[in-house]
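Residue strings, one per chain:
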Amino acid sequence: MKKILFYAMTGEVMCFQHILLNALDLSSAGHEIRIIFEGASVTLPPVLEEKANPLYIKAKQQGLIAGICLACSKALEVYQANEKTGLPFLSDMNGHAGMKSWIDQGYEVISM
């Protein structure tokens, strides 16, 4: 089985829906999956929470979401809204969510 990290960058819900679909599908097939919100995608968690997006809720409940970029949350003024989601903030790369530790753990990174 593979270890895959989805590194979300865009702030478009439709794009992120495809990350969720693939993450859930691969996870159900036994792959180890993680999702990181980075860049403009950090604006999505409050939107997905508010709309109770079923794919997002399922991925969150299954522990597939590794966290949200701290620096981008602050820069895009969604820090407080993201804090309310209960997801961890990631800041291992100069305040941003880095890929290095995931690659070091054997994860293949897919950025969308």
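Quick look at the structure, then. (Residues numbered from 1 in each chain as written. Predicted model: local features only at pLDDT ≥ 70, side-chain atom pairs only at ≥ 80, totals over all residues. Heavy atoms only, no water.)

What follows is about helix H3 (residues 54-61). Capping the start of H3 is the job of one residue whose side-chain oxygen sits 3.0 Å from the backbone nitrogen of Leu55: Asn53. Of the residues one or two after H3, Gly63 is the one with positive phi, at around 75°. (Polar contact = N/O pair within 3.5 Å; in protein donor to acceptor, adjacent residues only side chain to side chain. Helix = DSSP H or I, 4+ residues; strand = E, 2+ residues; numbered from the N terminus.)

A few words now on helix H1 (residues 13-28). With 16 residues, H1 should reach 22 Å at 1.5 Å per residue; the first-to-last C-alpha distance of 22 Å fits that figure. Buried within H1 are the following residues: Phe16, Gln17, Ile19, Leu20, Ala23, Leu24 and Ser27. Considered in projection along H1, the buried side chains sweep an arc of 160° and stay on one side of the axis. Residues of H1 that are exposed and angled more than 90 degrees away from the buried face: Met14 and Asp25. At its buried positions, H1 is contacted by strand S1 (3-8), strand S2 (32-37), helix H2 (44-50) and H3. (Expected span 1.5 Å × (residues − 1). Buried < 20%, exposed > 50% of the residue type's maximum accessible area, 1.4 Å probe, protein only. Arc of directions from axis to C-beta. Contact = heavy atoms within 4.5 Å.)

The next thing to look at is the packing of aromatic side chains. Summed over all chains, the structure comprises three aromatic pairs. Ring plane angle 25° and centroid distance 4.7 Å describe the contact between Phe16 and Phe37, whose orientation is recorded as stacked. Remark: Phe37 occurs in strand S2 and Phe16 occurs in helix H1; sequence separation between them is 21 residues. Taking the relative accessible area as the measure of exposure, Phe16 reaches 2% and is therefore buried. Taking relative accessible area as the criterion, Phe37 reaches 0% and is therefore assigned buried. A centroid spacing of 4.7 Å and a plane angle of 15° characterise the contact between Tyr79 and Phe89, whose relative ring orientation is stacked. Residue Tyr79 is located in helix H5 (residues 79-83), and its partner Phe89 is located in strand S4 (residues 89-90); the two are separated by ten residues in the primary sequence. Here the guanidinium or amino end of Lys74 rests over the ring plane of Tyr79, the centre of that ring lying 5.4 Å away. (Phe/Tyr/Trp six-rings, centres within 6.5 Å; stacked < 30°, edge-to-face > 60°. Lys NZ or Arg CZ within 6 Å of the ring centre and 35° of its normal.)

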